[in-house]
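Chain and residue survey
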Amino acid sequence: MRFFIAFFSPVIFIVSFFYKKDNSIWLYGAWFGKMYKDNSQRFFEDANNLLPEIDHVWIYKSHEVKNNIPKRYKSLYAYSLQGMFYQLKAKVFICTLNTSDFIPFFVTPKNIIIQLWHGSPLKYIGIDSRRTRIRKFIDKVRFKTLDRYTYCISPSKLFDDCFRSAFLLGSDNILRTSYPRNKSLFIS
């Protein structure tokens, strides 16, 4: 199935671009679909409790991940027919790393993509981490198509410019808030 998806990725992207998206389906993923952890996990669990009218689905690419997801939450294997159908029709994608947390070719500029990130940008990230012009060009294309983030959270004004520069974002695309995984640090 993975070979099929890779081979037909341009067609998948075009079909996904024109397919009607469902605002009530939110998909979550982390670490290339191979882990259930980090900011996406915490946001997923909180959103399930706070927004029951939304269909929250964790997308995973490794079957071992399924064992870590509490049974009360909905999860789907990315390469299953149902998993691919959900990725095709979902409006909102919430990631910790990038759209590779899902099958990237299902994610288009028509989607809402929320980048939760996974740490403080103490090193160069995104486009800023590329040293050659060709790699910067490839990342610019990627950030205008597959990884065109609608919002990126930033825990500090200090990091706002880092995220804007790294992901080609405007000021309106940065949401100042603490990382979801740190929420328990502020609750007494």
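Just above, that's the structure.
These notes cover the structure that comes with them. (Residues numbered from 1 in each chain as written. Predicted model: local features only at pLDDT ≥ 70, side-chain atom pairs only at ≥ 80, totals over all residues. Heavy atoms only, no water.)

Some remarks on the layout of surface pockets
The volume enclosed by the second largest pocket comes to roughly 150 Å³. Residue lining of the second largest pocket: Phe43, Asp46, Ile114, Leu116, Ile153, Leu175, Thr177, Ser178, Tyr179, Pro180 and Lys183, and that is the complete set. Each residue belonging to the lining of the second largest pocket can be placed in one class, and the counts come to seven nonpolar, two polar and two charged. (1 Å grid on protein atoms, 1.4 Å probe; cavity = no way out; pocket = protein on both sides within 12 Å on 5 of 7 lines; lining within 4 Å. Points joined across faces, edges and corners; volume = space filled by probe spheres on them. Nonpolar A, V, L, I, M, F, W, Y, C, P; charged D, E, K, R; others polar.)

So, the nonpolar core
The biggest cluster of nonpolar side chains holds 49 residues, and the ones touching the most others in it are Leu27, Trp58, Phe163 and Phe167. The element best represented in this core is strand β4 (residues 90-95), accounting for five residues. (Core = buried A, V, L, I, M, F, W, Y, C linked by side-chain atoms within 4.5 Å. Buried < 20%, exposed > 50% of the residue type's maximum accessible area, 1.4 Å probe, protein only. Helix = DSSP H or I, 4+ residues; strand = E, 2+ residues; numbered from the N terminus.)

A closer look at the pairing of strand β5 (residues 112-115)
Each regular strand displays side chains that alternate between the two surfaces of the sheet. In this sheet, β5 lies alongside β4 in parallel orientation, the contact comprising four bridges. Bridge assignment links Phe93 to a residue of β5, and that residue is Ile113. Where β5 meets strand β6 (residues 151-154), two bridges bridge the pair, whose relative direction is parallel. Note on β6: the bridge partner recorded for Ile114 is Tyr151. (Pairing = 2+ DSSP bridges.)

Overview of the packing of aromatic side chains
Following the criterion strictly, the structure yields twelve aromatic pairs and no others. An angle of 45 degrees between the planes, with centres 6.2 Å apart, marks the rings of Tyr28 and Phe43 as tilted. Of this pair, Tyr28 sits in strand β1 (residues 22-29) while Phe43 sits in helix α3 (residues 38-50); the two residues are 15 residues apart in sequence, bridging distant segments of the chain. By relative accessible area, which is 0% here, Tyr28 ends up buried. The structure contains a cluster of three or more aromatic residues connected by ring pairs, namely Tyr28, Tyr36, Phe43, Phe44, Trp58 and Tyr73. The cationic tip of Lys89 hangs over the ring face of Tyr86; the distance from NZ or CZ to the ring centre is 5.0 Å. (Phe/Tyr/Trp six-rings, centres within 6.5 Å; stacked < 30°, edge-to-face > 60°. Lys NZ or Arg CZ within 6 Å of the ring centre and 35° of its normal.)

Let's talk about the pattern of salt bridges
Applying the stated criterion to the full structure yields three salt bridges. For Asp55, the salt bridge is made with Lys74, and the minimal N-O distance between the two is 3.3 Å. Residue Asp55 is found in strand β2 (residues 55-60), and its partner Lys74 is found in the loop between α4 (63-66) and β3 (75-77); the two are separated by 19 residues along the sequence. Residue Lys74 is classed as partly exposed on the basis of its relative accessible area, which comes to 31%. Between Asp160 and Arg176 there is a salt bridge, with the nearest N and O atoms lying 2.3 Å from each other. (Salt bridge = Lys/Arg side-chain N within 4 Å of Asp/Glu carboxyl O.)

Things to note about unusual backbone geometry
Unusually for a residue other than glycine, Phe32 sits at a positive phi of about 60 degrees. Counting through the fold element by element, Phe32 comes out in the loop between β1 and α3. For Phe32, a relative accessible area of 41% puts it in the partly exposed group. With a phi angle near 75 degrees, Asp38 is a residue other than glycine that sits in the positive phi range. Structurally, Asp38 can be placed in helix α3.

Quick word on the environment of Leu97
Along the chain, Leu97 turns up in the loop between β4 and β5. Through-space distance from the C-alpha of Leu97 to that of His118 is 6.9 Å; in sequence the pair is 21 residues apart. Leave out the neighbours within four places in its chain, and Leu97 touches Trp31, Phe32, Gln115, Trp117, His118 and Tyr149. (Contact = heavy atoms within 4.5 Å.)

Quick look at the side chain of Thr99
Secondary-structure assignment places Thr99 in the loop between β4 and β5. Overall, the relative accessible area of 1% leaves Thr99 in the buried class. Beyond its immediate sequence surroundings of up to four residues, Thr99 is in contact with Pro104, Val107, Ile113, Leu146, Asp147 and Tyr149.

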